[in-house]
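Given next are the chains, with one letter for each unit.
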Amino acid sequence: MKPDLFEAPDYYNLDELLTDEHKLVRDAAREWVKRDVSPIIEEAAQKAEFPKSIINGLAEIGAFGPYIPEEYGGAGLDQISYGLIMQEIERGDSGVRSTASVQSSLVMYPIWKYGNEEQRNKYLPKLASGEWIGSFGLTEPDHGSNPGAMVTNFKDMGDHYLLNGAKMWISNAPFCNVAVVWAKNEEGRIHGLIVERGMEGFTTPETHNKWSLRASATGELIFDNVKVPKENLLPNKSGLGAPLGCLDSARFGIAWGAIGAAMDCYDTALRYSKERMQFGKPIGQFQLQQKKLAEMITEITKAQLLAWRLGVMRENGTATSAQISMAKRNNVEMAINIAREARQMLGGMGISGEYSIMRHSMNLESVITYEGTHDIHLLITGLDVTGLNAFK
């Protein structure tokens, strides 16, 4: 593995918009990625294995529930700090960021926001410390962009609920200790249930043969007459808006994380353009290569400003779901385009595991689809600006 020489681009001096705490949090995450992720991630991706050795490190840098209050084991940070941590982790690998994002926004967030005090105290400290890993069960084999049509359901059996159904494409599923699962009750209302590993009838088969997010563990959540204690129902919010609120938090993290992947591809291409000699001069001296680099840094800068402004609004409670969708869609598209351009700049070396670009490019093919596909987010913006619903 080549040494990690990454230098973050900041063309518009965005550091001036960050507090000292923001920069401390970001720099700690950046150094951890350089030390503990970069040296092992290529081999992990080649082997299609999640490197469980990094779980403690993720907890130590505050990647699990950064904004969860300290009384529940979280770091008590603000939304921009959360975004910056996701940016730095995804600079290392999108799959590793997925693990942290799911843990934070899709497992800890609903327990914190929709759970009761007993549930918060039971689960959040273990999730924040990395002792437990969580997963989020919404997507089903036949219901992805239309989660409201889910068929996973539970029935009231008097002293417990009986849960049946299946969820698919679930990050962390193969080794999760706990899953926040969304299912319909007998009236068809969607509720969140906390399902723990070891409950009879609950299995988590792993999904193999992925070409993307290979260093992330993906699987299914299968429920065959699982008896779920009644105290495991999240009591404070129900309906489709409950899981969508979690996805808002996760999509916010993705909008920041994708910038990290783009920055890594840009930095790699820029460095390579100064070192690779062709026709007696570095390729960075050729006009077409400069065009690529100039467009990359322009798009990264625009995405940084978009994410920062969204972070300010998210922190003060004014960011809308549609605004979060716009940032997720824009920034992931920006990142995947930069990955493709950077791959071309490196020529044949661009597909080699000696460099991170091809891995980022493959990973971003998942990021552009999950937690709202590229097209769905476009239609969310369309609905917001026209008031006309293309989904009906």
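Bear in mind that the values here come from a model prediction, so they are computed numbers and not experimental data.

S.K.: What exactly am I supposed to notice about the environment of Glu333 here?
M.R.: By secondary structure assignment, the location of Glu333 is in helix H8 (residues 321-345). As a C-alpha pair, Glu333 and Glu220 span 113 residues in sequence and 27 Å in three-dimensional space. Those residues within four positions of Glu333 in sequence are excluded, and the remaining contacts are Ile368 and His374.

S.K.: Sorry, what's going on with the packing of aromatic side chains here?
M.R.: Two numbers describe a pair of aromatic rings. These are the distance of the centres and the angle of the planes. One pass over the structure, following the stated rule, counts 16 aromatic pairs. Ring geometry for Phe50 and Phe175: centres 5.3 Å apart, planes at 15°, overall stacked. Here the residue Phe50 occupies a position in the loop between helix H1 (20-47) and helix H2 (55-60), and Phe175 occupies one in the loop between strand S3 (160-171) and strand S4 (178-184), the gap between them amounting to 125 residues. Each member of the pair Phe50 and Phe175 is classed as buried. Where Tyr272 meets Tyr355, the ring centres are 5.8 Å apart and the plane angle is 90°; that geometry is what we call edge-to-face.

S.K.: Help me understand unusual backbone geometry in this model?
M.R.: Excluding glycine, a negative phi dihedral is what most residues carry, and trans is how most peptide bonds are arranged. For Leu213, which is not a glycine, the phi torsion comes out positive at approximately 50°. Here Leu213 is to be found in the loop between strand S6 (202-203) and strand S7 (218-229). Looking at Leu213, the relative accessible area reads 5%, which means it is buried.

S.K.: What is the right way to read the pairing of strand S2 (residues 153-156) from this model?
M.R.: One face of the sheet, then the other: side chains in a regular strand alternate in exactly this way. When S2 meets S3, the two strands line up antiparallel, connected through four bridges. Note on S3: the bridge partner recorded for Phe154 is Leu163. Linking S2 to S3, which pair antiparallel, is a turn of three residues; within it Gly158 sits at a positive phi near 100°.

S.K.: Would you take a moment to explain the state of the cysteines for this structure?
M.R.: Chemically, a disulfide is nothing more than a covalent bond linking the sulfur atoms of two cysteines. Under the criterion given, the structure shown has zero disulfides. Counting only cysteine sulfurs, Cys176 is the nearest neighbor of Cys246, a cysteine outside any disulfide, at a range of 16 Å.

Quick notes on the rules
- Residues numbered from 1 in each chain as written.
- Predicted model: local features only at pLDDT ≥ 70, side-chain atom pairs only at ≥ 80, totals over all residues.
- Heavy atoms only, no water.
- Helix = DSSP H or I, 4+ residues; strand = E, 2+ residues; numbered from the N terminus.
- Contact = heavy atoms within 4.5 Å.
- Phe/Tyr/Trp six-rings, centres within 6.5 Å; stacked < 30°, edge-to-face > 60°.
- Buried < 20%, exposed > 50% of the residue type's maximum accessible area, 1.4 Å probe, protein only.
- Pairing = 2+ DSSP bridges.
- Disulfide = S-S within 2.5 Å.

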